[in-house]
Amino acid sequence: MIYAVIPAGGSGTRLWPLSRAGHPKFLHPLTGTTASLLQATVTRLGPLTTPEHTLVVTGAAHAAAVARQLAGVPEENILVEPSPRDSCAAIALAAAVIARRDPQAVMGSFAADHLIGDPARWVEVVRGAVLGAEEGLLMTVGITPTRAETGYGYLQTGDPVAGGPLRPVAEFKEKPSADVAEAYLRSGRHLWNASMFVWRVDVFLAELARQQPALHAGVLAIAAAWGTDDQDDVLGTVWPTLPKISVDYAVMEGAATAGRVATVPGDFGWNDVGDFHTLGEVLPADGDGNVVLGGDATPGVLLRDSSGLVVVPQSGRLVATVGVRDLIVVDTPDAVLVCPRDRAQDVKKIVDELKERGEEGLV
């Protein structure tokens, strides 16, 4: 039994206009079922933990929706951050809260917005990471790369430990160029970094204190007041002072240099659902390769002589296409997006421009 921590933040800008700051992608049913990505994450954790041992860290704007979707998770396990401070503060706060309950507990941190094609295999890999965590290592779950991907960070690994699945992580690598990604794929020593972490909370907090003493002191102060009458005052005072930094930069890269990080590689159909093109690759398609979010029976979609489309009907209007190929069509009540699938990454630029124009209501 581990404690599971689910950081649930971000706005999924490459999935605009479906995903918005007020209703981000992890709250949407992008799983091919009626379950949201967040709900699917909690279900996937079932063999590893219980709702009582599951904590979600989310923003104030999303806390009510998270609570509605996760009725089985105790209200006190939804940790609400007053403002985004990136992943280290969120994960560290959860670790500090857990440490007050169980000082040597093993916790795993798993994003709210990922898809896993083979949940049973994923559970096996995480259990392997738990064994390493129990020995005092800061563990990651590495993804065996299936292509030379330039959109992901990588883990550079050493030789397996004692012939087992654990590999030391020598270095965290940034998103590479195409040539470097090809070299990583050929090397057999590089894994995708999916930002899944498993560790003992005392080990993580000790490493946090070594590398980020101010952040460590801050989250311990907040955790000490958690659940008391002083919680809101301490949280409101201390939280804005915490460094805004990812856990990879703040802790894991330095810990890897010190020989304290290891990974268990896995191939379980992982996908971070980063854009609509990716969504079209992982969800079921019709005979023409068209993916309609909600399935073929979704009312208001009429596709004729069209193939390779990703269609997201959300407005209640009829969405009809004739003679088009490889497009993304997203129809919401206040915005319509049409773009080629091979330009899916550029959707973020629309969001950036809307922000520059001050049209926050659309983002």
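These figures come from a predicted structure and were not determined experimentally. All residue numbers refer to position in the chain's written sequence, counted from 1. Reporting in this predicted model follows two pLDDT cut-offs: at least 70 for local features of residues, and 80 or more for side-chain atom pairs to be given and counted; totals over whole chains, interfaces and linings ignore these cut-offs and use all residues. With hydrogens and water stripped out, all remaining heavy atoms of the structure feed into the side-chain values.

Draft legend 1. Local environment of the UniProt feature "domain: Nucleotidyl transferase" (unreviewed entry) in the protein chain. Mapped onto the present numbering, the UniProt feature "domain: Nucleotidyl transferase" (unreviewed entry) falls at residues 4-282. The span residues 4-282 carries 38% helix and 20% strand; its end-to-end C-alpha distance comes to 25 Å. UniProt positions are given in the numbering used here, feature names are shortened, and annotations may be inferred rather than shown by experiment. The helix count covers DSSP runs of H or I at least four residues long, the strand count covers runs of E at least two residues long, and both are numbered beginning at the N terminus.

Draft legend 2. How the structure looks around the side chain of S36. Its location among the elements puts S36 in the loop between β1 (3-8) and α1 (37-44). What makes two residues a contact is simply this: any of their non-hydrogen atoms within 4.5 Å. Apart from the residues within four sequence positions on either side, S36 is in contact with F26, L27, H28, P29, T31 and Q69.

Draft legend 3. Summary view of the UniProt feature "domain: MannoseP isomerase/GMP-like beta-helix" (unreviewed entry) in the protein chain. According to UniProt, the "domain: MannoseP isomerase/GMP-like beta-helix" (unreviewed entry) feature falls on residues 305-354. Between the C-alpha atoms that bound residues 305-354 there is a distance of 33 Å. The span itself is 16% helix and 36% strand.

Draft legend 4. Representation of the sheet that holds strand β14 (residues 310-313) within the structure. We treat two strands as partners when DSSP finds at least two bridges between them. Across the sheet, four strands lie side by side as β12-β14-β16-β17; this open sheet has mixed pairing. The sheet is open, and its two borders are formed by β12 (291-292) and β17 (336-340), each paired with just one other strand. Where β14 lies against strand β16 (residues 327-331), four bridges are found, and the strand directions are parallel. Across the sheet, the residue bridging to P313 is D331, located in β16.

Draft legend 5. Looking closely at the domain arrangement of the protein chain. An automatic or database domain assignment provides the domain bounds reported here. Its domain assignment divides the protein chain into domain 1 (3-271) and domain 2 (282-362). Each of domain 1 and domain 2 has a C-alpha centre, and these two points are 30 Å apart. Listed by partner, the interface residues are twelve residues for domain 1 and 19 residues for domain 2. Here the quantity called buried area is the total loss of accessible area, with a 1.4 Å probe, experienced by two parts when brought into contact, counted for both. Interface area for domain 1 against domain 2, summed over the two sides, is near 1,300 Å², with a carbon-plus-sulfur share of 69%. Whenever a carboxyl oxygen of Asp or Glu lies within 4 Å of a side-chain nitrogen of Lys or Arg, that contact is scored as a salt bridge. Taken together, the links from domain 1 to domain 2 amount to one salt bridge. Residue D334 pairs with R20 through a salt bridge whose shortest N-O separation is 2.7 Å. For the purposes of these results, a polar contact is taken to be a pair of N or O atoms within 3.5 Å, where, inside protein, one atom must be able to donate a hydrogen and its partner to accept one; residues adjacent in sequence count only when each atom of the pair is a side-chain atom. Between domain 1 and domain 2 we count five residue pairs in polar contact (both at pLDDT 80 or more) in total. Throughout, the ten residues Ala, Val, Leu, Ile, Met, Phe, Trp, Tyr, Cys and Pro are labelled nonpolar, Asp, Glu, Lys and Arg are labelled charged, and all others, Gly among them, are labelled polar. Here the side of domain 1 that touches domain 2 is built from residues that sort into six nonpolar, four polar and two charged.

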